[in-house]
Amino acid sequence: MTTARPALDPELQALLADMPLMSQLSQEALAQVRPFSSMPVEPLLEGRAIDRREVTVSAPDGTPIPLSVFSPTKTDRTSAAPCVYWMHGGGMVMGDRFSQIDIPLEWLDEFGAVVVSVDYRLAPEATGTALVDDCYQGLLWIAEHAAELGIDPARIIVAGASAGGGLAAGVTLMARDLGTPTIAAQVLIGPMLDHRNTSTSSRQFSGGPGVWTREMNEFGWRCLLGDLADDEVPVYVSPALADDLSGLPTTYIDTGSAEVFRDEDTDYATRIWAAGGQAELHVWAGGFHGFDALYPQAHISATARRTRTEWLARVLHTNPAT
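Note that the coordinates shown come from a computational prediction; the quantities given were computed from them, not determined experimentally.

## Quick notes on the packing of aromatic side chains
Applying the stated rule across the entire model yields 2 aromatic pairs. Between Tyr 252 and Trp 311, the aromatic rings sit 5.2 Å apart at their centres with planes inclined by 55°, giving tilted as the arrangement. One end of the pair, Tyr 252, is in strand β7 (residues 250-256); the other, Trp 311, is in helix α12 (residues 299-318), and 59 residues separate them in sequence. Considering the side-chain rings of Phe 288 and Tyr 295, the 6.2 Å spacing of their centres and the 85° angle between planes classify their relative orientation as edge-to-face.

Encoded structure:
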């Protein structure tokens, strides 16, 4: 029986018509698409007054984790800058630290923010908590080097899209539970939060081609979790499992009405409110997964990106540099 689903935004639907879509992912298909899951960063840096620095930190097991640091070229600025710590998307199985980097680079332009992007390990080569642990180590490095980076440690924003949104949520939970470092806000863009993959929206976007289908989502989670049973999955890996969402920083969540993650994302926001926290939730009518990254020129995409930036402006205004 076919499940009815929300229609796509007409402009997005027309743009998507030229994109080759898949229904499922396999190890063979992953090997083919991985080389195309990121774009070179250099064209995005052209014409921008940006200094770029590459550093490496160590994972708990000694694995090197590359970080890219993008800073506004030195000016007469006397106050410390905000920092955006970026985790890329790619279903836990593809992408690199330059994937969707145009999103936080807009915040560098807008707010003079320092952007740090992490090249966490990918599944299935890495499994379990390895990915979120990598991201947490990068966050610790940022906090420890705040003065060197010229950032205000009270204005570190953790942000990510898709799988990166799920990792950002996991890192934020980890930082809360371990008591360090302080995170001013989290921005979760279409986040991948729930390995159970059983929501209504998950079922709606199954059985046919799409940007990210239930079957593709199942593949990504299976690669990440390996042999872990459901009752063994840590909350930092699948944040929707967390019983306690209190004590989190102010949170921005957006998603599309026409995507797999819609219901797990709206539920996460609802549970933050229930725990007494603050969250802003946007469900973009007719938006498919990653619409604003794939087609930033669409009207709905421009609106979604502008709305995120305006929210961030309010957050940073209430946390001024000292």
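## Concerning the sheet that holds strand β1 (residues 50-58)
Spatially, 8 strands are ordered β1-β2-β4-β3-β5-β6-β7-β8 in an open sheet, and the strand pairing comes out mixed. The open sheet has two edge strands, β1 and β8 (279-284), and neither has a second partner. With direction set aside, neighbouring strand axes in the sheet form an average angle of 15°. In the sheet, β1 pairs with strand β2 (residues 64-72) via 9 bridges, with the strands oriented antiparallel. Considered in β2, the bridge of Arg 53 is made with Val 69. Each of β1, β2, β3 (81-87), β4 (114-118), β5 (151-161) and β6 (185-189) touches helix α4 (residues 102-111); the most contacted strand, β3, lies at about 175° to it. Against the sheet, helix α7 (residues 163-178) contacts β3, β5 and β6, and its axis sits at roughly 140° relative to β5.

## Re the pairing of β6
Taken across its 5 residues, β6 has 5 buried, putting it largely inside the fold. Neither face of β6 is open: one carries Ala 185, Val 187 and Ile 189, the other Gln 186 and Leu 188, and all of them are buried. As paired elements, β5 and β6 share 5 bridges and run parallel to each other. Residue pairing in the sheet places Gly 160 in a bridge with Leu 188 of β6. The parallel pair β5 and β6, bridged by α7, forms a crossover whose chirality is right-handed. Here β6 pairs with β7 via 5 bridges, running parallel.

## Considerations on helix α10 (residues 262-274)
Spanning 13 residues, α10 covers 18 Å between terminal C-alpha atoms, matching the ideal 18 Å at 1.5 Å per step. Looking only at α10, the buried set comprises Arg 262, Glu 264, Asp 265, Thr 266, Tyr 268, Ala 269 and Ile 272. Lining the buried residues of α10 we find α7, β6, α8 (200-204), β7 and β8.

## Side note on the layout of surface pockets
Approximately 1,100 Å³ is the volume found for the largest pocket. In this structure, the largest pocket is lined by 44 residues; those nearest its centre are Met 19, Ser 37, Gln 100, Val 211 and Leu 294. Residue assignment for the lining of the largest pocket shows that the elements contributing at least two residues are α3 (42-45), α4, β7 and α11 (291-294). Here the lining of the largest pocket gets 4 residues from one element, more than from any other, and that element is α11. Partitioning the lining of the largest pocket into residue classes produces 24 nonpolar, 15 polar and 5 charged. Here the second largest pocket is characterised by a volume of approximately 260 Å³.

## Thoughts on the environment of Leu 105
Structurally, Leu 105 can be placed in helix α4. Note: C-alpha distance between Leu 105 and Ser 58 (47 residues apart in sequence) is 25 Å. If we ignore the near neighbours within four places in the chain, the residues touching Leu 105 are Leu 44, Leu 45, Arg 48, Ile 50 and Phe 70.

## Here's the deal with the nonpolar core
In terms of nonpolar packing, the biggest core is built from 72 residues, with Tyr 85, Met 87, Leu 139, Ile 142 and Tyr 268 touching the most fellow members. With 9 residues, helix α5 (residues 130-144) is the single largest residue contributor to this core. When residues no more than four places from it in sequence are discounted, the contact partners of Tyr 85 are Leu 67, Val 116, Val 118, Asp 134, Cys 135, Gly 138, Leu 139, Ile 142, Ile 157, Val 158 and Ala 159. Listed in part, the 36 residues of the second largest apolar core include Ala 113, Ala 159, Ile 189 and Trp 311.

## Quick word on the pairing of β5
Most of β5 sits inside the fold, with 9 of its 11 residues counted as buried. Relative to β5, β3 runs parallel, the two being bridged by 6 bridges. The partner of Ala 81 across the bridge, within β5, is Ile 151.

## Examining the pattern of salt bridges
Any two side chains of opposite charge can pair, on the condition that their charged atoms come close. With the rule as written, the count across this model stands at 19 salt bridges. Residues Asp 109 and Arg 48 are paired through a salt bridge, measuring 2.7 Å at the closest nitrogen-oxygen approach. Taken together, the positions of Asp 109 in helix α4 and Arg 48 in the loop between α3 and β1 put the pair 61 residues apart, joining distant regions of the chain. Residue classification places Arg 48 among the partly exposed positions, given a relative accessible area of 24%. With its nearest N and O atoms 2.8 Å apart, the salt bridge here joins Glu 106 to Arg 305. A residue pair is termed long-range when its members are at least 10 positions apart, and Glu 106 in helix α4 and Arg 305 in helix α12 qualify at 199 residues. The class for Arg 305 is buried, based on a relative accessible area of 7%.

Parameters at a glance
- Residues numbered from 1 in each chain as written.
- Predicted model: local features only at pLDDT ≥ 70, side-chain atom pairs only at ≥ 80, totals over all residues.
- Heavy atoms only, no water.
- Phe/Tyr/Trp six-rings, centres within 6.5 Å; stacked < 30°, edge-to-face > 60°.
- Helix = DSSP H or I, 4+ residues; strand = E, 2+ residues; numbered from the N terminus.
- Pairing = 2+ DSSP bridges.
- Axes fitted to C-alpha atoms, helices over the stretch in contact; angles between N-to-C directions.
- Contact = heavy atoms within 4.5 Å.
- Buried < 20%, exposed > 50% of the residue type's maximum accessible area, 1.4 Å probe, protein only.
- Right-handed = clockwise from strand over helix to strand, strands pointing away.
- Expected span 1.5 Å × (residues − 1).
- 1 Å grid on protein atoms, 1.4 Å probe; cavity = no way out; pocket = protein on both sides within 12 Å on 5 of 7 lines; lining within 4 Å.
- Points joined across faces, edges and corners; volume = space filled by probe spheres on them.
- Nonpolar A, V, L, I, M, F, W, Y, C, P; charged D, E, K, R; others polar.
- Core = buried A, V, L, I, M, F, W, Y, C linked by side-chain atoms within 4.5 Å.
- Salt bridge = Lys/Arg side-chain N within 4 Å of Asp/Glu carboxyl O.

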